[in-house]
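An overview of the molecular structure
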Amino acid sequence: MSPFLCAAAAAAGIAMSGCSSEAPPQPRSAGDLYANLARPGARVDVAAARDMISIYRTNKGLSRLRLDPALQRIAAEQVRSMAAAGGANRSVRSGLRKLMAQQNLTAGTAVQNVSSGYHTLPEAFAGWRQSKPHNANMLNRNVRRMGIATAYVPGTKYRVHWALVLAD
């Protein structure tokens, strides 16, 4: 049975045999997705990010992603470094393997999207889709896990920094 029919049946509250046991992405209000993260205390909705990227991947015939606590910590560390440096510099971009080792993580495939200036999740996602390297990371067929984080830095040019970490 198609994932679309299963998701539609689940949304309608109808039980259908043949549907995957994995819960489909949950619908969210536009307010959740378009929350402005350029404000104190704002945090990206990690479940919404996982669902958005997973739907994109499944539309391309790839697997859904699951949130990974260790990758969440790595993404948070990446945005802290970006906030301190004023953006994604060479040190931040090259620090992924070092951070993974500090978390005692090994991965055959580990990639990241680091960026600054997007104020909402859909803006960041659209920007990543339009960037060949970032899009390739999101569509990497080897990745199965993710972590994502943002950091707000008032009074700076970009204000919001993003880190998406993907691994097998």
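Ordered by their spatial adjacency, 4 strands build an open sheet running S1-S3-S4-S2, and the pairing between neighbours is mixed. The open sheet has two free edges, formed respectively by strand S1 (66-67) and strand S2 (110-116), since each of these has just one partner strand. Pairing analysis gives 2 bridges linking S1 to strand S3 (residues 145-152), with the strands arranged parallel. By the bridge assignment, Leu67 is partnered in S3 with Met146. Against the sheet, helix H4 (residues 69-85) touches S1, S2, S3 and strand S4 (160-167), its axis set at about 30 degrees to S3. Along the sheet, helix H7 (residues 121-130) contacts S2, S3 and S4; its crossing angle with S4, the most-contacted strand, is approximately 60 degrees.

Most often, soluble globular proteins keep nonpolar side chains buried together rather than apart. Residues Met146, Ile148, Trp162 and Leu164 are the most contacted members of the largest nonpolar core, which totals 23 residues. The set of elements that each furnish at least two residues to this core consists of helix H3 (46-59), H7, S3 and S4. Per element, the largest residue contribution to this core is 5 residues, and it comes from H3. When near neighbours in sequence (up to four residues on either side) are disregarded, Ile148 contacts Val44, Val46, Ala49, Gln72, Ala75, Trp128, Trp162, Ala163 and Leu164. Membership of the second largest hydrophobic core comes to 19 residues, among which are Val79, Leu99, Ala163 and Val165.

On to H4, then. Counted at 1.5 Å a residue, the expected span for H4 with its 17 residues is 24 Å, and the 24 Å between its end C-alpha atoms agrees. Taking the backbone nitrogen of Ala70 as reference, a side-chain oxygen 2.9 Å away marks Asp68 as the first, capping residue of H4. Count one or two residues on from H4 and you reach Gly86, which has phi positive near 85 degrees.

Across all of its chains, the model carries 2 aromatic pairs by this definition. Taking the centre distance of 5.3 Å and the plane angle of 90 degrees together, the rings of Tyr56 and Phe125 count as edge-to-face. Note that Tyr56 is positioned in helix H3 and Phe125 in helix H7, a separation of 69 residues in sequence. Relative accessible area serves as the criterion here: at 14%, Tyr56 is assigned to the buried category. With a relative accessible area of 8%, Phe125 lands in the buried category. Consider the rings of Trp128 and Trp162, whose centres lie 6.0 Å apart with planes at 90 degrees: the pair is edge-to-face.

Turning our eyes to something else, we now look at the side chain of Asn137. Residue placement: Asn137 occurs in helix H8 (residues 132-138). Looking at Asn137, the relative accessible area reads 16%, which means it is buried. Once residues lying within four places of it in the same chain are set aside, the contact partners of Asn137 are Val111, Gln112, Asn113, Val143 and Leu166.

Next up on the list: the pattern of salt bridges. Overall, the coordinates contain 5 salt bridges when judged by the stated rule. Two residues, Asp68 and Arg66, come together in a salt bridge whose shortest N-O distance is 4.0 Å. Of the residues examined, Asp68 reaches a relative accessible area of 9% and is grouped as buried. By relative accessible area, Arg66 is classed as partly exposed at 47%.

Turning to its location among the elements, Arg39 is positioned in the loop between helix H2 (30-33) and H3. Considering only alpha carbons, one finds Arg39 and His119, 80 residues apart in sequence, at a separation of 9.2 Å.

Quick notes on the rules
- Residues numbered from 1 in each chain as written.
- Predicted model: local features only at pLDDT ≥ 70, side-chain atom pairs only at ≥ 80, totals over all residues.
- Heavy atoms only, no water.
- Pairing = 2+ DSSP bridges.
- Helix = DSSP H or I, 4+ residues; strand = E, 2+ residues; numbered from the N terminus.
- Contact = heavy atoms within 4.5 Å.
- Axes fitted to C-alpha atoms, helices over the stretch in contact; angles between N-to-C directions.
- Core = buried A, V, L, I, M, F, W, Y, C linked by side-chain atoms within 4.5 Å.
- Buried < 20%, exposed > 50% of the residue type's maximum accessible area, 1.4 Å probe, protein only.
- Expected span 1.5 Å × (residues − 1).
- Polar contact = N/O pair within 3.5 Å; in protein donor to acceptor, adjacent residues only side chain to side chain.
- Phe/Tyr/Trp six-rings, centres within 6.5 Å; stacked < 30°, edge-to-face > 60°.
- Salt bridge = Lys/Arg side-chain N within 4 Å of Asp/Glu carboxyl O.

Fair warning: the whole summary comes from geometry, so function is off the table for now.
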